[in-house]
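Here is what each chain is made of, one letter per residue.
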Amino acid sequence: LKSMGGGTSESRWVINPEQSKFMQHWNIITMVALAFVSVFTPIHIAMFKTEVDPLFLASCAVDIIFLADLVLQFFLMHPKRTDYGLALEHRHKHIVQHYLRTW
């Protein structure tokens, strides 16, 4: 996919997920967090009393990861259909609008 346009409204805060090493690492982190939630949360809820223990703290850390991922979505380019095929939307305002509409 190519980045759309070359206008002046391009933000330096926008992340191209196809070229970002950070996003490759971040995807692994979120997959591990999702695996943790799918395995340990049901066990923790069903078998343990609610108290501040290492499992509870790990669960809080995972919640922070998911919150950071939610915020990160406002800065990720997304594919958009154009007359010439698919291109990555690079205009921050349009990325935010797309995320709010489709979330």
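The text that follows walks through the structure, step by step, so that each part is easy to find. Since the structure is predicted, the reported quantities are computational estimates derived from the model, not experimental observations. (Residues numbered from 1 in each chain as written. Predicted model: local features only at pLDDT ≥ 70, side-chain atom pairs only at ≥ 80, totals over all residues. Heavy atoms only, no water.)

### A short note on the overall build of the protein
Piece 1. The secondary structure content of the protein amounts to 3 helices and 3 strands.
Piece 2. Along the protein, helices (α) and strands (β) appear in the sequence β-α-α-β-β-α when read from the amino end.
Piece 3. Since a compact globule built from 103 residues should have a radius of gyration of about 13 Å, the 18 Å found for the protein marks it as more spread out than a globular shape.
Piece 4. Looking at the protein as a whole, 24% of its 103 residues qualify as buried.
Piece 5. Taking the contacts inside the protein whose residues are at least 6 apart along the sequence as the reference set, 64% of them involve residues at least 24 apart.
Piece 6. Distance from the positive charge centre (9 side chains) to the negative charge centre (8 side chains) of the protein: 10 Å. (Helix = DSSP H or I, 4+ residues; strand = E, 2+ residues; numbered from the N terminus. Rg over C-alpha atoms; globule rule 2.2 N^0.38 Å. Buried < 20%, exposed > 50% of the residue type's maximum accessible area, 1.4 Å probe, protein only. Contact = heavy atoms within 4.5 Å. Lys, Arg positive; Asp, Glu negative; His and termini not counted. Charge placed at Lys NZ, Arg CZ, Asp CG, Glu CD.)

### Comments concerning the nonpolar core
Piece 1. Residues Ile15, Met23, Trp26, Leu72 and Leu76 constitute the largest nonpolar core, which totals 5 residues.
Piece 2. Excluding residues that lie within four positions of it along the chain, Ile15 makes contacts with Ser20, Met23, Leu72, Phe75, Leu76 and Met77. (Core = buried A, V, L, I, M, F, W, Y, C linked by side-chain atoms within 4.5 Å.)

### Here's the deal with the pairing of strand β3 (residues 85–89)
Piece 1. Where strand β2 (residues 78–82) and β3 come together, 5 bridges link them in antiparallel fashion. Looking at the pairing, Pro79 lines up with Leu88 of β3.
Piece 2. From the end of β2 to the start of β3, which pair antiparallel, there are 2 residues. (Pairing = 2+ DSSP bridges.)

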